[in-house]
Amino acid sequence: MSTIYQLMRKGKPVAELSQVLKQATGVIAARGEGVFLYDEDDRRYLDFTAGIGVTSTGHCHPRVVAAAQRQVGTLIHAQYTTVLHRPLLDLVERLGEVLPQGLDRMFFANSGSEAIEAALRLSRQATGRPNVIVFHGGFHGRTVAAASLTTSGTKFRSGFSPLMAGVHVSPFPDPGHFGWPVEQATDFALAQLDYVLQTLSTPADTAAFFVEPVLGEGGYVPANERFLAGLRERADEHGILLVVDEVQTGFGRTGKFWGGDHFNARPDILVTAKGLASGFPLSAIAASSALMEKAWPGSQGGTYGANAVACAAALATLDVIQDEHLVENSAERGAQLKQALQLVADKHEQITDVRGLGLMIGNEFRDAAGKPDPITAAAAQQEAARRGLLLLTCGAWSQVVRFIPALVVDADQIDEAADLWADTVAAVTS
């Protein structure tokens with residue numbers, strides 16, 4: 001059944017969703033529980049999309065539901081530049097326990113794009129510099145400034161030019177794209193960054209580097225420790241800020257609490273959203289007190305940021321992640337999933353790479369000539385949905401099928417998904 005349908009009243013069409021919205025599946029979700037979604041006919045689906053990495057504790061975790069219900073009954077909206085509320089204050093304290101050392105001030109918004117724009121505004125105001133450098137393949141959002149920083153695909157930035165000025169792009173060390181070993185790709189990326197600083201944006205004009213620890217929409221390509229150390233070294237040398245975009249990689253997704261923890265990243269500004277509140281809209285940036293106080297008065301705010309219900313859900317999310325050891329589960333189940341997917345890839349030459357960290361795994365499809373193969377990737381994603389496994393694609397050509405289940409996924413559910421994937425790939429490549 002299509003998810004785009006006419007609302008009918010007395011035989012006349014009332015409204016439709018925008019025809020530009022493209023549904024990844026035809027499922028109309030009626031309810032969710034853990035890693036499962038159920039449609040209106042009560043058919044069960046293994047949801048390995050998690051709302052694009054949002055439902056970190058699974059659909060409708062009882063503790064998150066209870067926390068949100070309690071909060072709805074006492075206070076729904078308390079605009080946080082007008083009055084404060086206890087869930088917000090408690091959340092700030094709790095996040096201080098898990099944030100990287102030295103990041104002790106927070107600003108809250110609703111979406112990843114909003115948080116990225118807040119980080120950009122802070123970077124420019126704090127340094128007095130106009131330019132930023134991003135890395136090829138990064139995704140940072142769809143609003144104008146965030147889209148200006150995004151280079152994972154033209155669909156996110158085309159058709160509403162001119163985009164924001166002052167953005168320069170440097171290579172990301174993607175071994176698969178360049179066809180090089182990771183060390184060679186890293187040498188090239190760092191050398192090209194120095195070239196960008198020499199030819200396009202002098203350090204005196206460069207406010208910040210914006211980087212994802214793992215490219216998200218860009219194809220689930222992890223960074224590496226030497227690359228991020230190189231960014232940190234250049235940032236320290238030139239007074240440039242290092243902004244680490246943890247919107248998709250944060251809150252245990254990669255098998256460590258923050259994706260940058262794999263690479264000893266030391267951000268000046270950390271951006272988080274998605275899994276922060278298990279499905280409620282909430283995002284944040286974190287910085288040191290010394291840096292945050294350089295923001296101009298009145299430059300931070302917003303009507304719905306730090307909504308009381310979302311903050312209550314975020315507190316419950318942190319409790320569940322800690323009490324159910326979900327970061328550790330992400331690492332263990334991620335290793336199990338990656339091994340199972342590699343066994344499938346070993347039988348099918350169309351899958352040329354299985355990569356990622358924790359429960360953030362991509363399967364890259366290429367054709368016989370070694371070119372990206374979005375047709376087979378799309379066929380596999382659609383066939384998996386027909387078989388009861390919900391997945392998404394990513395990559396510049398949408399040639400990567402990604403697995404991002406909720407962090408509560410168990411070993412049996414991983415095995416079930418792997419079996420469905422094996423049957424799926426066999427069906428579309430036979």
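The structure displayed is predicted, hence computed values, not measured ones. (Residues numbered from 1 in each chain as written. Predicted model: local features only at pLDDT ≥ 70, side-chain atom pairs only at ≥ 80, totals over all residues. Heavy atoms only, no water.)

## Some points on the overall build of the protein chain
Threshold: Helix and strand labels come from DSSP, where a helix needs a run of H or I of at least four residues and a strand needs a run of E of at least two; each type is numbered from the N terminus. Note on method: radius of gyration uses C-alpha positions; expected globular size equals 2.2 Å times residues raised to 0.38. Burial classification: accessible surface area is computed with a 1.4 Å probe over protein chains only, and a residue below 20% of its type maximum counts as buried, one above 50% as exposed, and the rest as partly exposed. Note on definitions: a residue-residue contact is assigned when non-hydrogen atoms from the two residues lie within 4.5 Å. Under the convention used here, a 1.4 Å probe and the Shrake-Rupley method define accessible areas, while residue burial counts only the protein chains that appear. In this count, Lys and Arg are taken as positive residues and Asp and Glu as negative ones, while His and the chain termini are left out. A single reference atom marks each charge: NZ on Lys, CZ on Arg, CG on Asp, CD on Glu.
A count of helices and strands for the protein chain gives 13 helices and 17 strands. Taken over the C-alpha trace, the protein chain has a radius of gyration of 21 Å; the compact-globule value for 430 residues is 22 Å, and the two agree within 12%. For the protein chain, the spread of C-alpha atoms along the principal axes amounts to about 60 × 55 × 50 Å. Of all 430 residues assigned to the protein chain, the portion counted as buried reaches 55%. Partitioning the contacts of the protein chain with sequence separation of at least 6, the portion at a separation of at least 24 is 71%. Accessible surface computed for the protein chain: about 18,900 Å², of which carbon and sulfur atoms make up 52%. Within the protein chain, one finds 35 positive and 47 negative side-chain charges whose respective centroids are separated by 6 Å.

## A short note on the sheet that holds strand S3 (residues 29-33)
Keep this limit in mind: At least two bridges found by DSSP between two strands is the condition for calling them paired. An axis is simply a line fitted to the C-alpha atoms; with a helix, the fit covers only the stretch in contact. Between two such axes, the angle follows the N-to-C directions and lies from 0 to 180 degrees.
Strand order in the open sheet made by the four strands is S3-S4-S5-S15, with mixed pairing throughout. The sheet terminates laterally at S3 and strand S15 (389-390), the two strands that pair on one side only. Pairing of strand S5 (residues 44-47) with S15, which is carried by two bridges, proceeds in the parallel orientation. Bridging from a neighbouring strand, Asp47 pairs with Leu390 of S15. Sheet strands in contact with helix H13 (residues 411-429) are strand S4 (36-39), S5 and S15, and its direction is about 100° off that of S5.

## Details of the packing of aromatic side chains
For clarity, the threshold we go by: Stacked, tilted and edge-to-face are the three classes applied to pairs of Phe, Tyr and Trp rings, where Trp contributes its six-membered ring and a pair requires centres within 6.5 Å; stacked means planes under 30 degrees apart, edge-to-face means over 60, and tilted covers the rest. Distance and angle both matter: a charge sits over a ring if NZ of Lys or CZ of Arg is within 6 Å of the ring centre and within 35 degrees of the ring normal.
Under the defined criterion, the tally for this structure stands at 14 aromatic pairs. When the ring of Phe251 is compared with that of Trp258, the centres are 5.6 Å apart and the planes differ by 85°; the resulting orientation is edge-to-face. The exposure classification of Phe251 matches that of Trp258, with both residues buried. An aromatic cluster of three or more residues is present, and its members are Phe48, Phe365, Phe403 and Trp421. For Arg31, the ring lying beneath its charged end belongs to Tyr38, and the centroid distance is 3.9 Å.

## Considering helix H3 (residues 86-98)
Rule in force here: By this rule the span expected of a helix is its residue count minus one, scaled by 1.5 Å. To obtain the arc, one takes the directions from the helix axis to the C-beta atoms.
For H3, spanning 13 residues, the distance from its first C-alpha to its last is 19 Å, which sits close to the expected 18 Å at 1.5 Å a residue. Residues Pro87, Leu88, Leu91, Arg94 and Leu95 constitute the buried set of H3. The buried residues of H3 occupy an angular sector of 130° when projected down its axis, which confines them to one face. Exposed and facing more than 90 degrees away from the buried side of H3 are Arg86, Glu93 and Glu97. Of the surrounding elements, those touching the buried residues of H3 are helix H2 (62-72), strand S6 (105-109) and helix H10 (308-323).

## Examining the packing of H3 against H10
Applicable threshold: If you view the pair so one helix is near and one far, a crossing is left-handed when the near helix is turned anticlockwise from the far one by less than a right angle, and right-handed when it is turned clockwise.
Their axes nearest at 8 Å, the elements H3 and H10 cross at an angle of 35°. Classified by chirality, the crossing of H10 by H3 is left-handed. Of H10, the residues touching H3 (which contributes Pro87, Leu88, Asp90, Leu91, Arg94 and Leu95) are Ala308, Cys311, Ala312, Ala314, Leu315, Leu318, Asp319 and Gln322.

## Structural notes on the sheet that holds strand S10 (residues 241-245)
With respect to topology, seven strands assemble into an open sheet ordered S6-S12-S11-S10-S9-S7-S8, the strand pairing being mixed. Each edge of the open sheet is held by one strand with a lone partner, namely S6 and strand S8 (167-170). Going from strand to strand, the sheet's axes swing by 20° on average, the running direction of each strand aside. Here strand S7 (residues 131-135) runs beside S8; their pairing, made up of four bridges, is parallel. Its bridge partner lying in S8, Phe135 is registered against Ser170. Those strands touched by helix H7 (residues 182-199) are S7, S8 and strand S9 (206-211), and its axis lies near 150° from that of S8.

## Examining the packing of H7 against helix H8 (residues 225-238)
This is how the line gets drawn: What sets the label is the angle itself: under 35 degrees gives roughly parallel, over 145 gives roughly antiparallel, 65 to 115 gives roughly perpendicular, and the rest give oblique. Side-chain classes follow a simple rule in which Ala, Val, Leu, Ile, Met, Phe, Trp, Tyr, Cys and Pro form the nonpolar group, Asp, Glu, Lys and Arg form the charged group, and the remainder, Gly included, forms the polar group.
Closest axis-to-axis distance for the H7/H8 pair is 10 Å, and the angle between their directions is 20°. One way to sum up the angle between H7 and H8 is to call them roughly parallel. Our pair here, H7 against H8, has a crossing hand that is right-handed. Listed contacts from H8 to Glu183, Thr186, Asp187, Ala189, Leu190, Leu193 and Asp194 of H7 are Arg226, Phe227, Gly230, Leu231 and Arg234. Looking at side-chain class alone, the contact of H7 with H8 contains five nonpolar, two polar and five charged residues.

## Notes on the pattern of salt bridges
For clarity, the threshold we go by: The salt bridge criterion pairs a side-chain nitrogen of Lys or Arg with a carboxyl oxygen of Asp or Glu, the two atoms within 4 Å.
Throughout the structure, instances matching the rule amount to 19 salt bridges. Here Arg232 ties to Asp236 by a salt bridge, and the two come within 2.9 Å at their closest N and O atoms. Of the two residues, Arg232 and Asp236 are both situated in helix H8; the distance of four residues between them amounts to about one turn of the helix. When its relative accessible area of 46% is taken as the criterion, Asp236 is described as partly exposed. A salt bridge links Glu383 to Arg387; the nearest nitrogen and oxygen atoms lie 2.8 Å apart.

## Description of a negative patch on the surface
Filter applied, for reference: By definition, no residue in a patch forms a salt bridge, and every one has over 30% relative accessible area; like charges are joined within 9 Å, nonpolar side chains (Val, Leu, Ile, Met, Phe, Trp, Tyr) within 5 Å.
There is a patch of like negative charges on the surface, built from Asp410, Asp412, Asp415, Asp419 and Asp423. With respect to the helices and strands, the residue Asp415 is situated in helix H13.

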